[in-house]
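# Report on the structure
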Amino acid sequence: MAERECGFAPLVFRLHGGAPQVVCEVLLERGWEEYDEEEQEEGDWNFYWRASGFRKSDYENILPWRLNHHPKMSHTRKDCLARHMKRMKIAFGAALYDFSPAAFILPNEYTKFLGVYTRNRMTDRGKSRYWICKPVDLSRGRGIFLFEDIKDLVYDSSLIVQRYISNPLLISGYKFDLRIYVCVKSFSPLVIYMHQEGLVRFATEKYTLASLESLYSHLTNTSINKFGMCSATDKERVGRGCKWTMSRFRSFLHKQDVNELLLWHRISNIATLTLLIAVPCVPSSPNCLELLVFDILIDTSYKPWLLEVNYSSALSLDCPADVSVKKGLISDIIHDLRQRHPSFILMFPFNDATWKASQDQADVKAIVNEVHNLTNRLASSFNEKERMKMESSQSIGVRDKFEPLLRGSKDPPLLSKCCFLNSKVK
């Protein structure tokens, strides 16, 4: 549908080199026109999308236009994220930030890593621990390798060495991770939405610790696995290719013995607690938005782990799942410039206390406490007795109150309200 009203000129978008092609395609399909610098004035556009960050001058006098990046968003680079996670663990406790595997920035923290590695060897009585190394300035799986013995740690540039989660949840023996799309409307106050749809990325060879060199077994990057020999073959429940939509993964979860609401809330917590890192640093920019991609691994106990946060994801269309998810995502973001799209679920703020704490100079400590308290309430409300009641026919009405958080809705209930409703079940 053309986004113009009778008698009004179409909206104009501007793209910078490196912007995803899917953004251009979706905007043109919606009736926007692309900015022509030779025929139009410098500021004659409504929305500007860049792969890289904007200049400081670009943020001055941008009203009423929109930019796709907030200023000073440098927290997602692997070494910066590791550094900030350590700071948050010290400030608010390692237990709250235990979703981030232990990480060391080499070469600067080699001595610290060596000390931890040596202590683990002594205390674990020779039991294997595995580590994964990632160059800090590369993406798409380039330069990543795993090791067990420190003699195999060889590098010639700055990298992150991180504890490898060696007990991932598998589907038919294949490792996978989740790509969660998060949109930050504002950092002051902090307003975060999660898109209802997302992607599940699979490795294309069965998981085994017997061969740490097998990238097709341990890495889920599509840029690697689409070239694997097994990518196009039918892989039991996984099927062909190396991606699912999040909807398909939810269908898989429905058949497992898992507290789905608590799992998704913990994933939501990961995004919120990670973004709190940036709150004190990012200035108020009311006409900006930020699309971030959180890569989440789930282990065999259904605990979610943060692997990476991606800034300016390439959004390439490599398969039907990509087309469905990414074109829908961009279309919903464009719709959201005017009015919130129902596919975006409000993650934060989730109650009055977090709304008040996020205003002006955000009270990060108060926000962290609210996240911690709500998680405890949600977890404790799902003991075995309550679960049996929730599954009974008398509790179907209450269970329905939870469904929007699992599948999305136009106006999803606050998590705190869901906890209250659950406490009412007798």
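Residues numbered from 1 in each chain as written. Predicted model: local features only at pLDDT ≥ 70, side-chain atom pairs only at ≥ 80, totals over all residues. Heavy atoms only, no water.

### As for the overall build of the protein
Selection rule: Secondary structure follows DSSP: runs of H or I at least 4 residues long count as helices, runs of E at least 2 residues long count as strands, and numbering of each begins at the N terminus. Contacts: residue pairs with any heavy atoms within 4.5 Å of one another. Each accessible area value is a Shrake-Rupley result obtained with a 1.4 Å probe; residue values ignore everything except the protein chains displayed when judging cover.
On a plain count of helices and strands, the protein comes out with 13 helices and 16 strands. Considering only contacts within the protein whose residues lie at least 6 apart along the sequence, 66% involve residues at least 24 apart. Counting only carbon and sulfur atoms, one obtains 51% of the accessible surface of the protein, whose full area is about 20300 Å².

### Comments concerning a negative patch on the surface
Put simply, the rule is: Note on patches: the residues involved have over 30% relative accessible area and no salt bridge, like charges join within 9 Å, and the nonpolar side chains Val, Leu, Ile, Met, Phe, Trp and Tyr join within 5 Å. Any carboxyl oxygen of Asp or Glu within 4 Å of a side-chain nitrogen of Lys or Arg constitutes a salt bridge here. Charged-residue counts in this description rest on Lys and Arg as positive and Asp and Glu as negative, His and the chain ends being excluded. By convention, the point assigned to a charge is CZ for Arg, NZ for Lys, CD for Glu and CG for Asp. Exposure categories follow from relative accessible area, calculated using a 1.4 Å probe and restricted to protein chains: below 20% of the type maximum is buried, above 50% is exposed, and the middle band is partly exposed.
Together, Glu34, Asp36, Glu37, Glu38 and Glu39 make up a negatively charged patch on the protein surface. Here Glu39 falls in the exposed class, since its relative accessible area comes to 69%.

### Examining the environment of Trp355
Summarising the element assignment, Trp355 is placed in helix H9 (residues 352-357). Between the C-alpha atom of Trp355 and that of Leu190, which follows or precedes it by 165 residues, the distance is 8.1 Å. Beyond its immediate chain neighbours, meaning those up to four positions away, Trp355 contacts Pro189, Val191 and Pro349.

### Describing the layout of surface pockets
Here is the rule: Points on a 1 Å grid over protein atoms alone make up a cavity when a 1.4 Å probe fits among them but cannot get out, and a pocket when they form an open set with protein on both sides within 12 Å along at least five of seven lines; lining residues each have an atom within 4 Å of a point. Grid points are joined across faces, edges and corners, and a volume is the space filled by probe spheres set on the points.
Taken as a whole, the second largest pocket spans an internal volume of roughly 360 Å³. In terms of lining residues, the second largest pocket is bounded by 15 residues, among which Ala95, Leu96, Asp98, Arg266 and Thr375 are the most central. Secondary-structure elements contributing two or more residues to the lining of the second largest pocket are helix H7 (260-275) and helix H10 (364-380). At five residues, H10 tops the list of elements feeding residues into the lining of the second largest pocket.

### Some details on unusual backbone geometry
With an omega of 15°, the peptide bond running from Leu106 to Pro107 counts as cis. Among the structural elements, Pro107 can be located in the loop between strand S5 (103-106) and helix H3 (110-123). Between Phe348 and the following residue, Pro349, the backbone shows a cis peptide bond with an omega angle of 5°. Tracing the backbone shows Pro349 in the loop between strand S16 (344-348) and H9. One non-glycine residue, Glu236, lies in positive phi territory at about 50°. By secondary structure assignment, the location of Glu236 is in the loop between helix H5 (222-225) and strand S13 (243-245). Of note, the phi angle at Ser312 is positive, near 60°, even though the residue is not glycine.

### A closer look at helix H6 (residues 246-254)
Basically, it comes down to this: It is the directions from the helix axis to the C-beta atoms whose arc is reported.
Of all the positions in H6, only Met246, Phe249, Arg250, Phe252 and Leu253 are classed as buried. Projected onto a plane normal to the axis of H6, the buried residues spread over an arc of 155° and lie on a single side.

### Structural notes on the confidence of the model for the protein
Test applied: On a range of 0 to 100, pLDDT expresses the predictor's confidence in each residue.
Confidence in the prediction for the protein averages 83 pLDDT; 87% of positions are at 70 or higher. pLDDT under 50 marks residues 392-426. Its contacts with residues more than four places away, or in other chains, come to 64 contacts.

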